[in-house]
Amino acid sequence: MDIVIREARNDELDAAGELTARVYLEGGLLLQGADDPYFAELRDAVRRAAHADVLVAVESGAADGDGGGGRIVGSVTFVGRGGEFADLAGPGEAEFRMLAVDPRVRGRGVGEALVRECLRRAGEVGARRVVLSSQSQMHTAHRLYGRLGFDRAPDLDWEPVPGVRLHAFAHELSDPSRDDHNI
């Protein structure tokens, strides 16, 4: 599958939000289903884009090599410099949230490409570490994070609401002046 990872365009933010909300809802990740308050936050990519980078994975064909006009098949919110969407990130850290991949294209590298772009952007903003939160049942995502060099960070685990325990992961970024960095 040919995909392009880039920032969502203004006219794509609603679609990115709808995809993210649908993936969480259909994946059983919202305690109260569509009535869960987090559902509205997942849908509101316009608000996220005002405070963070909403990235999309877009199917690309020969005619649209930049991913223009293709179908959005994944999305993630990258928080590079703190702010209201940084749940865990402190000084010198970046974070990403709300990683979602259309179930029809899972297993084709979309999630990995989105995470790698977050790691790349974190390096660009000078972050020394990337952190994230994940629900305990997101085993496929946890395997992806492990493959990409994330370690569990149980000291950062937290509950955004009672009964929802989020597991934290962290990826130490290598010093860009060394040759052994892996992002």
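About the criteria used
- Residues numbered from 1 in each chain as written.
- Predicted model: local features only at pLDDT ≥ 70, side-chain atom pairs only at ≥ 80, totals over all residues.
- Heavy atoms only, no water.
- Buried < 20%, exposed > 50% of the residue type's maximum accessible area, 1.4 Å probe, protein only.
- Helix = DSSP H or I, 4+ residues; strand = E, 2+ residues; numbered from the N terminus.
- Pairing = 2+ DSSP bridges.
- Polar contact = N/O pair within 3.5 Å; in protein donor to acceptor, adjacent residues only side chain to side chain.
- Contact = heavy atoms within 4.5 Å.
- Core = buried A, V, L, I, M, F, W, Y, C linked by side-chain atoms within 4.5 Å.

(A) Molecular detail of the pairing of strand S3 (residues 72-79). Here S3 lies mainly inside the structure; eight of its eight residues are buried. Note: S3 against strand S4 (residues 93-101), five bridges, orientation antiparallel. Residue pairing for S4: Gly74 is matched across the bridge by Val101.

(B) Examining the side chain of Arg97 more closely. For Arg97, the location among the structural elements is in strand S4. Given a relative accessible area of 9%, Arg97 falls into the buried group. From its side chain, Arg97 meets the backbone oxygen of Phe85 in a polar contact 3.4 Å long. For Arg97, the residues in contact, after removing those within four places along its chain, are Tyr38, Glu41, Val76, Thr77, Phe85 and Asp87.

(C) How the structure looks around the nonpolar core. Residues Phe96, Val115, Val130, Tyr145 and Phe150 are the most contacted members of the largest nonpolar core, which totals 44 residues. Sequence-distant contacts of Val130, defined by excluding residues within four places in its chain, comprise Ala94, Phe96, Leu119, Ala122, Phe150, Phe169, Ala170, His171 and Leu173. Counting residues in each nonpolar core, the second largest holds eleven residues, with Ala8, Leu13, Ala45 and Val56 among its members.

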